Amino acid sequence: MNSPLDYAEKHRKDFIEDLSKLVAIPSVSFPGFPPETVEKSAAAVAELLKARGLENVEILRVPDAHPYVYADWLHAPGRPTVLLYAHHDVQPAGREEKWKTPPFVATEKDGRLWGRGTADDKAGVIVHTSAIASWLRAEGKLPLNVKVMIEGEEEIGSGHLESFLQKYAKKLAADFIVLTDTSNYDVGVPSITTALRGLVSMDVEVRTADHPLHSGMWGGPLPDPALALSKMLASLVDDEGRIAIPGIYKNVRPLTKLERKSLESLRYSDKDFRAQAQVLPGVDLVGGKASPLEKMWRLPSVSVNAIQVSSRKDCANIINESAWAHVGLRLVPDMDAKAAVKALQDHLRKHAPWGVKVSFSNAHGSPAWLVDPEGPAFEAAARAMTEGFGREAVFIGSGGSIPFVGPFGKVLGAPALLIGVEDPYTNPHSENESLHLGDFHKSIRSAILLYRELGKLPAKAARRAAPRAAVAA
Ligand code: BES
Ligand code: MN
Ligand code: MN
């Protein structure tokens, strides 16, 4: 089978063009950014799905959620059905002045495409549309039935996924799910992700007075909320940077012998971590003795994503009346999300000094996800990726979170294949996000081959033999 791959080869530039058009729409889903732009990107995605040959294109809605886009091609009777997932919303651009190219103008340089969403996750959308177009233009048909679902609220935690699945589970019924929203182990190394961390996050606010007070007139007796919050946040970790919330490691599922062996076989060292994350020289790595991969993939971690007390611009000789922070706690298998929210809040409250008023808001939680990559679907994915990249595919864990995966797989009763186009240098969520164009093309080739491989599996038998996704409580 050459022609869909030939088509993809000839249309490399066109696929980058498709991607660039989506990047030009700043579809930030965060509150405070214009929701019309997410609407606009949903409309653009819908139009693209139609233009690349999909049918029954539809914007799917549930109240108060950003729009999802659906389309299908269901003309392969007797063949299985694959559901393809990506998300069209993006993170905010961050600090404008830190970008070397304009965030919403996709710019090609050094073999990469720079811009917000070039990788996370508009590349995911284009991998699907390009692989589908390659089949339809070259062969006039696809080797299996295809449904496409593009989410609009992934970057804000998929808060409506339950009502969405309730409403649309029937429409989305499939034998396999393919999500294109993860990272490869390294540039050029095709990777299938079998573990995601969960995430608990919340705002915490400390208040001590009605309004800011002159720090000379009032300083001394008055408790400083910034110092109080600092003490509370500092209490989250011990001197080695391990999480100090009592019992937090209690339910963490240990690695099996086999898992430990396969993790060690990757030979990923502290030095590799430093190089990839570009940690400044002399700065320690924290979190105890475990290897960096175990810390990222199979241990919880805590981070303070933002702190606000006054601002650089308004910084004056004052004692502020309040201080605010956003805290995130990544979860691993067997940690309970609700219990983690409570443990985090209890701990912060307990370490609040001087009777300061503590309040929490916007608490969210979603559990980790882990799958045993066995069965014909995973074998098909490994074959397709190995051929598409010209290099042996690997199974990896990941420290990131995709709240949709667990409930999605469970409701549809279908195995989830997580394959993505990011790499360690992509900088998602940071300024100067970029996509490796060589890997982008190889991902499209792999998707073309994956449809062929999945299409060979008998629809129902493939489903029965597939492993059940283990959703941590
Ligand atoms: N694509 C990422 C998740 C990801 C990245 C998984 C790399 C595996 C490897 C996704 O867009 C993301 O950022 N998810 C959020 C989820 C959160 C809002 C609940 C995350 O991980 O912070
Ligand atoms: Mn993503
Ligand atoms: Mn993301």
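Residues numbered from 1 in each chain as written. Chains lettered and ligands numbered in written order. Predicted model: local features only at pLDDT ≥ 70, side-chain atom pairs only at ≥ 80, totals over all residues. Heavy atoms only, no water.

### Comments concerning the overall build of the protein
Looking only at helices and strands, the protein has 15 helices and 19 strands in total. Computed over the C-alpha atoms, the radius of gyration of the protein is 23 Å, within 12% of the 23 Å expected from 2.2 N^0.38 for a compact globule of 473 residues. On the principal axes, the C-alpha backbone points of the protein span a range of 80 × 50 × 45 Å. Put simply, the protein has 473 residues, and 51% of those count as buried. The contacts of the protein with a sequence gap of at least 6 include a subset with a gap of at least 24, amounting to 81%. Looking at the protein as shown, the accessible area adds up to about 21,600 Å², and 52% of this sits on carbon and sulfur atoms. Each charge class in the protein can be summarised by its mean position, and for the 56 positive and 57 negative side chains these summaries are 4 Å apart. (Helix = DSSP H or I, 4+ residues; strand = E, 2+ residues; numbered from the N terminus. Rg over C-alpha atoms; globule rule 2.2 N^0.38 Å. Buried < 20%, exposed > 50% of the residue type's maximum accessible area, 1.4 Å probe, protein only. Contact = heavy atoms within 4.5 Å. Areas by Shrake-Rupley, 256 points an atom, 1.4 Å probe, with all protein chains shown as cover. Lys, Arg positive; Asp, Glu negative; His and termini not counted. Charge placed at Lys NZ, Arg CZ, Asp CG, Glu CD.)

### Quick word on the coordination of the manganese ion (ligand 3)
Around the manganese ion (ligand 3), the protein contributes the donor atoms D120 (OD), E155 (OE), E155 (OE) and H429 (NE2), at 2.1 to 2.5 Å from the metal centre. For the manganese ion (ligand 3), the 6 donor atoms are set out with angles of 56 to 153 degrees between them, so the coordination reads as irregular. Along the chain, the residues that donate to the manganese ion (ligand 3) are spaced as D-x34-E-x273-H. A spacing of 3.6 Å is found between the manganese ion (ligand 3) and the manganese ion (ligand 2), which share D120 as a donor. Of this pair, D120 sits in the loop between β5 (112-114) and α4 (122-139) while H429 sits in the loop between β17 (416-418) and β18 (434-436), and the two are 309 residues apart along the sequence. The buried category is assigned to D120, whose relative accessible area is 6%. (Donors = N, O, S within 2.8 Å, 3.2 Å for Na, K, Ca; no water. Tetrahedral: all angles 85-135°; square planar, octahedral: opposite > 155°, others 65-115°.)

### Let's talk about the coordination of the manganese ion (ligand 2)
Coordination of the manganese ion (ligand 2) by the protein involves H87 (NE2), D120 (OD), D181 (OD) and D181 (OD), with metal-donor separations of 2.0 to 2.7 Å. Between the 6 donor atoms coordinating the manganese ion (ligand 2), the angles at the centre fall across 53 to 159 degrees, so the site counts as irregular.

### What to know about the packing of aromatic side chains
For the structure shown, the criterion picks out 8 aromatic pairs. A ring pair is formed by Y85 and F408, whose centres lie 6.2 Å apart and whose planes are at 65 degrees; its orientation type is edge-to-face. A residue pair is termed long-range when its members are at least 10 positions apart, and Y85 in strand β3 (residues 81-87) and F408 in helix α13 (residues 405-412) qualify at 323 residues. Here the aromatic residues Y68, Y85, F164, Y168, F404 and F408 are joined through ring pairs into a cluster of three or more. Above the face of the W114 ring, K109 is positioned so that its terminal group lies 5.3 Å from the ring centre. Geometry around Y249 places R242 over its ring, the cationic atom sitting 4.5 Å from the centre. (Phe/Tyr/Trp six-rings, centres within 6.5 Å; stacked < 30°, edge-to-face > 60°. Lys NZ or Arg CZ within 6 Å of the ring centre and 35° of its normal.)

### Here we look at the site of ligand 1
In the vicinity of ligand 1 there are 18 residues, among which E154, D181, R330, S401 and H429 approach most closely. One of the side-chain N or O atoms of H87 is found 3.1 Å from an oxygen atom in ligand 1. The separation between an oxygen atom of ligand 1 and a polar side-chain atom of R330 is 2.9 Å. When the free accessible area of ligand 1 is taken as 520 Å², the share hidden by the protein chains comes to 88%. (Near = heavy atom within 4 Å. Polar contact = N/O pair within 3.5 Å; in protein donor to acceptor, adjacent residues only side chain to side chain.)

### Here's the deal with the domain arrangement of the protein
If you check the domain split of the protein, you get domain 1 (2-196 + 369-471) and domain 2 (198-252 + 300-365). The straight-line distance from the C-alpha centre of domain 1 to that of domain 2 is 35 Å. Domain 1 puts 5 residues into the contact, and the matching count from domain 2 is 4 residues. Counting each side, the surface lost to burial between domain 1 and domain 2 is near 340 Å², with a carbon and sulfur contribution of 49%. For the interface between domain 1 and domain 2, the tally reads 0 salt bridges. On the surface where domain 1 and domain 2 come into contact, there are 2 residue pairs in polar contact (both at pLDDT 80 or more). (Domains from an automatic or database assignment. Buried area = accessible area lost by both parts, 1.4 Å probe. Salt bridge = Lys/Arg side-chain N within 4 Å of Asp/Glu carboxyl O.)

### Structural notes on the environment of V237
Position of V237 among the secondary structure elements: in the loop between α7 (225-234) and α8 (257-265). For the pair V237 and K456, spaced 219 residues apart in sequence, the C-alpha to C-alpha distance is 51 Å. The contacts of V237, once residues within four sequence positions are left out, are R242, I243, A244 and V302.

### Side note on the packing of helix α12 (residues 376-389) against helix α14 (residues 437-455)
One can describe the packing of α12 onto α14 by two numbers: an axis separation of 8 Å at closest approach and a directional angle of 140 degrees. Judged by the inter-axis angle, α12 sits oblique to α14. Like other packed secondary-structure pairs, α12 and α14 cross with a definite hand, here right-handed. Along its contact with α12, which presents A377, A380, A381, R383, A384, M385, E387, G388 and F389, the element α14 presents D439, K442, S443, R445, S446, L449, L450, R452, E453 and L454. (Axes fitted to C-alpha atoms, helices over the stretch in contact; angles between N-to-C directions. Parallel < 35°, antiparallel > 145°, perpendicular 65-115°, else oblique. Left-handed = near helix turned anticlockwise from the far one by under 90°.)

### Comments concerning the sheet that holds β18
Pairing between sheet strands relies on hydrogen bonds along the backbone, with the strands arranged either parallel or antiparallel. Pairing is antiparallel across the open sheet formed by 3 strands, whose spatial order is β4-β5-β18. In this open sheet, the two edge strands, each paired with only one partner strand, are β4 (107-109) and β18. The average angle at which neighbouring strand axes cross in this sheet is 25 degrees, direction not considered. As defined by bridge partners, β5 adjoins β18 across 3 bridges and the pair is classed as antiparallel. Residue pairing across strands places R112 opposite H436, the latter belonging to β18. (Pairing = 2+ DSSP bridges.)

### Structural notes on the sheet that holds strand β11 (residues 301-308)
An order of β11-β13-β9-β14 is seen for the 4 strands of this open sheet, with the pairing classed as antiparallel. The open sheet has two edge strands, β11 and β14 (357-366), and neither has a second partner. In this sheet, neighbouring strand axes are inclined to one another by 15 degrees on average, regardless of whether the strands run parallel or antiparallel. Pairing between β11 and strand β13 (residues 322-331): 7 bridges, direction antiparallel. Bridged to A306 within β13 is H326. Taken strand by strand, α7 contacts β9 (198-207), β11, β13 and β14, and its axis lies near 15 degrees from that of β13. Where helix α11 (residues 337-350) meets the sheet, it contacts β9, β13 and β14, and its direction lies at approximately 160 degrees from that of β14.

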